[in-house]
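One-letter residues, chain by chain:
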Amino acid sequence: MEAIALYRVEEDYPPDSVMDLIPHSLLAYAGGTDFTDICYIEKGTESLTEDQVVPGSYPADVLACKKCITEYTSDGKDKARVDKLYSLVCKDRDSRKLINDPKIKEIAEWSLILPARTIVYLTTEITKEDFWIRWIEHRDCVYHDEEMKLYADDKLQNLREIEWQKPVRGMRTSDFLIEDDYFVFYDTPDELRNKPKYYVSDADRLYWWDGTDEVIISEETDLWIKGLAERHKTIAKTMKPEKGQDSDSFMRDFFSLLYEIDEKYKRIIPFQKMFYDFISNSHRKKYRAAVSLLKELSDENWEEGKAIRFLKHNWDLTSRKVTFNPGRLNIKRYMSILANIPLRKKYFGF
């Protein structure tokens, strides 16, 4: 959270709430001094009053420290003393223990059990400064040798431990990879606005199919691959016998086809394993038929694949309706099948 907040400050991003980074479903189980400090940094400590805090609790100690800082800095008006506080949080534990100045000694004692950030956010609240700007200035030198008390009782600790140890709900990889934020379909060309949006599915992960439920082949994808397999079988029947095949000619045509596909559809490069497998078996009919089918698919899908002409300078900022148009996806998926030998054998028999 600190990294996100600091990035927003340094990059001059809008000051979104840091609290938004915590899943709402887990807010009820969030707790501890770290979470409390986030709340105080975000919302301030105005709610801390003597009649609201429980004696001996972390909020009670924060309130006591706040009173010391308020009194020491004359409610934030004494700049010299404010600067001394920032100097204090950059001293090591032994140095803080040796402070004898009665005016700052009590704050130094609080620094032995409270994090440096606590003193910093209390000071910035009193002086009406931006905590994150001050934190950027001092974070690399502040102490980390405080010895905090254990504020939570056994019952609360056990409750948190139970919740923290609960396994995270499983999520499919394809679901995790789905993107739908602002830039995914930003600035879609008018010609493609009525086209369906593209979202990652298991059909895009055929290279990782291994027969388990990690990658599930849908009924639609199954029918599509079976159709390709039938076409492949028909093409193979028209091929000349394997003996006497011209390997040099095959490799030349294969290279040219791969180059043409990458030039047309953009960013479509064969998997290394597939490439060398086809080169090594250039004399075999089934391999030659697979390349012939690739050529046919390249030609057939180009009408939809032409959407790639709207590609902008930055690939990631171009609408997914351009970069993942159906024509281009069909080529990528077929080449994934050719690279996945178990899957290829399942449907194509080689």
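Coordinates for the structure precede this section.
In this report, we go over the structure that sits alongside the text. Treat the numbers as computed from the prediction; the structure is a model and nothing was measured.

**A few points about the overall build of the protein chain**
Line of reasoning, step 1. The helix and strand inventory of the protein chain stands at 18 helices and 0 strands.
Line of reasoning, step 2. Against the globule reference of 20 Å for 350 residues, the protein chain gives a C-alpha radius of gyration of 32 Å, more extended than a compact globule.
Line of reasoning, step 3. The C-alpha extent of the protein chain, read off along each of the three principal axes, is 100 × 45 × 40 Å.
Line of reasoning, step 4. A buried classification covers 41% of the 350 residues belonging to the protein chain.
Line of reasoning, step 5. For the protein chain, restricting intrachain contacts to residue pairs at least 6 apart in sequence, the fraction spanning at least 24 positions comes to 69%.
Line of reasoning, step 6. Just so you have it, the protein chain exposes about 21000 Å², and 52% of that area is on carbon and sulfur atoms.
Line of reasoning, step 7. Counting 55 positive and 64 negative side-chain charges, the protein chain places the averaged centre of each group 7 Å from the other.

**Side note on a nonpolar patch on the surface**
Line of reasoning, step 1. Taken together, the side chains of Tyr 182, Phe 183, Tyr 186 and Leu 317 define a hydrophobic patch exposed on the protein surface, amounting to about 440 Å² of accessible area.
Line of reasoning, step 2. If you trace the backbone, Phe 183 turns up in the loop between α10 (173-176) and α11 (219-238).
Line of reasoning, step 3. Phe 183 sits in the partly exposed class, given a relative accessible area of 41%.

**Focus on the packing of helix α14 (residues 285-300) against helix α17 (residues 326-339)**
Line of reasoning, step 1. Viewed as axis vectors pointing N to C, α14 and α17 meet at an angle of 170°, and their least axial separation amounts to 10 Å. Here α14 is positioned roughly antiparallel relative to α17, judged by the angle of their axes. Where α14 approaches α17, its residues Ala 290, Leu 293, Leu 294, Leu 297 and Ser 298 are matched on the opposing element by Ile 331, Tyr 334, Met 335 and Leu 338.
Line of reasoning, step 2. Class assignment for the residues of the contact of α14 with α17 results in 8 nonpolar, 1 polar and no charged.

**Structural notes on unusual backbone geometry**
Line of reasoning, step 1. Even without a glycine there, the phi angle at Ser 74 is positive, about 55°.
Line of reasoning, step 2. Counting through the fold element by element, Ser 74 comes out in the loop between α3 (58-72) and α4 (79-88).

**Concerning the nonpolar core**
Across soluble globular proteins, you tend to see nonpolar side chains buried next to one another.
Line of reasoning, step 1. In this structure, Phe 278, Leu 294, Ile 331, Tyr 334 and Phe 348 are the most contacted members of the largest nonpolar core, which totals 36 residues.
Line of reasoning, step 2. Those elements that provide at least two residues to this core are α11, α12 (247-265), α13 (272-280), α14, α17 and α18 (341-348).
Line of reasoning, step 3. Per element, the largest residue contribution to this core is 7 residues, and it comes from α14.
Line of reasoning, step 4. Ignoring anything within four residues of it in the chain, the contact list for Phe 348 reads Ile 225, Leu 228, Ala 229, His 232, Lys 286, Leu 293, Tyr 334 and Ile 337.
Line of reasoning, step 5. Judged by nonpolar contacts, the second largest core, of 35 residues, contains Tyr 40, Leu 48, Leu 63 and Phe 131.

Here is what the cut-offs are and how they apply
- Residues numbered from 1 in each chain as written.
- Predicted model: local features only at pLDDT ≥ 70, side-chain atom pairs only at ≥ 80, totals over all residues.
- Heavy atoms only, no water.
- Helix = DSSP H or I, 4+ residues; strand = E, 2+ residues; numbered from the N terminus.
- Rg over C-alpha atoms; globule rule 2.2 N^0.38 Å.
- Buried < 20%, exposed > 50% of the residue type's maximum accessible area, 1.4 Å probe, protein only.
- Contact = heavy atoms within 4.5 Å.
- Areas by Shrake-Rupley, 256 points an atom, 1.4 Å probe, with all protein chains shown as cover.
- Lys, Arg positive; Asp, Glu negative; His and termini not counted.
- Charge placed at Lys NZ, Arg CZ, Asp CG, Glu CD.
- Patch = residues over 30% accessible without salt bridge, like charges linked within 9 Å, V, L, I, M, F, W, Y side chains within 5 Å.
- Salt bridge = Lys/Arg side-chain N within 4 Å of Asp/Glu carboxyl O.
- Axes fitted to C-alpha atoms, helices over the stretch in contact; angles between N-to-C directions.
- Parallel < 35°, antiparallel > 145°, perpendicular 65-115°, else oblique.
- Nonpolar A, V, L, I, M, F, W, Y, C, P; charged D, E, K, R; others polar.
- Core = buried A, V, L, I, M, F, W, Y, C linked by side-chain atoms within 4.5 Å.

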